[in-house]
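# Observations on the model geometry
The primary structure of each chain is shown beneath.
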Amino acid sequence: TKKAFIFDLDGVIVDTAKYHFLAWKKLANGIGVDFTHEQNEQLKGVSRIKSLEKILAWGNKTISEAEFTRLMGLKNEDYLTYIDTMDEQEILPDVTKTLDFLRAAEQHIALGSASKNARMILEKVNILSKFDVIVDGNDVTKAKPDPEVFLKSAEQLQVAPKDCIVFEDAVAGIQAANAAGMVSIGIGDKVTLHKADFVFAGFQEMDAEFLNNLITS
Ligand code: B16
Ligand code: MG
């Protein structure tokens, strides 16, 4: 059977976390709230709404619904100015090689991201055409660790969850993949991502044998 390989975006395909950091920091500091790299780590894989809620909670701020919507808009506008500068060079090591390997092996390939800007980012770095299916922040109502984003990808590809393999850098994303009944592969730190079935520092550490075993097992 054909397997489905589902890729997260931020932290797996590109490092957009650094741009989220700059945009959230500007916004937080603008309303008198501190924002550190450690806090940015906690926003990985977390939706835009949940991210702003966390920042406000850290700063003990309460704001109106209208102001909340305005701030989310401002953050995204600023974030998009960074995204606009992106090109192919920002694709993380061996991502393209892995995508091409899986395509050559005639496997399904999907994107499963919390970001509402996912399509635009894939277009900017010129790999949109490598994905059969894209499920992103515009398509889901429940954010990771809820499995909705990955289950929707599987459903669109008509592949059973147990035949899906998820690449994720965030703890919430690994939880989502596990809850979906999929094979979870952490990209990043072994300790942080210990709930994953396998963990690699990056795609450059994954050899053809490992990928072939996932395809045939
Ligand atoms: P946007 P992923 C996530 O992407 C990011 O990790 C997270 O920091 C961000 O808040 C979220 O996308 C929403 O992004 O504001 O562009 O809709 O890791 O799920 O690909
Ligand atoms: Mg991520």
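Residues numbered from 1 in each chain as written. Chains lettered and ligands numbered in written order. Predicted model: local features only at pLDDT ≥ 70, side-chain atom pairs only at ≥ 80, totals over all residues. Heavy atoms only, no water.

A word on the confidence of the model for the protein. When pLDDT is averaged along the protein, the result is 97, and 100% of the positions lie at 70 or above. For this predicted complex, the interface confidence comes out at an ipTM of 0.94, alongside a pTM of 0.96. (pLDDT = per-residue confidence, 0-100.)

The next thing to look at is the site of ligand 1. Surrounding ligand 1, one finds 18 residues, the nearest of these being Asp10, Val46, Ser115, Lys116 and Asn117. Within the side chain of arginine 48, an N or O atom sits 2.8 Å from an oxygen atom of ligand 1. A total of 470 Å² of accessible area belongs to ligand 1 in isolation, and the protein chains cover 98% of it. If you list the elements that add at least two residues to the shell around ligand 1, you get helix H3 (48–58) and helix H4 (65–83). A class-by-class count of the residues in the shell around ligand 1 yields five nonpolar, six polar and seven charged. (Near = heavy atom within 4 Å. Polar contact = N/O pair within 3.5 Å; in protein donor to acceptor, adjacent residues only side chain to side chain. Areas by Shrake-Rupley, 256 points an atom, 1.4 Å probe, with all protein chains shown as cover. Helix = DSSP H or I, 4+ residues; strand = E, 2+ residues; numbered from the N terminus. Nonpolar A, V, L, I, M, F, W, Y, C, P; charged D, E, K, R; others polar.)

Quick look at the sheet that holds strand E3 (residues 133–135) now. Strand order in the open sheet formed by six strands is E3-E2-E1-E4-E5-E6, with parallel pairing between adjacent strands. The strands lining the two open edges of the sheet, one partner per strand, are E3 and strand E6 (198–200). The average angle at which neighbouring strand axes cross in this sheet is 20 degrees, direction not considered. Sheet strands in contact with helix H8 (residues 171–179) are strand E4 (164–168) and strand E5 (183–187), and its direction is about 170 degrees off that of E5. (Pairing = 2+ DSSP bridges. Axes fitted to C-alpha atoms, helices over the stretch in contact; angles between N-to-C directions. Contact = heavy atoms within 4.5 Å.)

Once that is clear, we can look at the environment of asparagine 40. Among the secondary structure elements, asparagine 40 is positioned in helix H2 (residues 37–41). We classify asparagine 40 as buried; its relative accessible area is 7%. A C-alpha to C-alpha distance of 12 Å links asparagine 40 and glycine 11, two positions 29 residues apart in sequence. Residue contacts for asparagine 40: discarding those within four places in its chain leaves Ala17, His20, Phe21, Trp24 and Phe35. (Buried < 20%, exposed > 50% of the residue type's maximum accessible area, 1.4 Å probe, protein only.)

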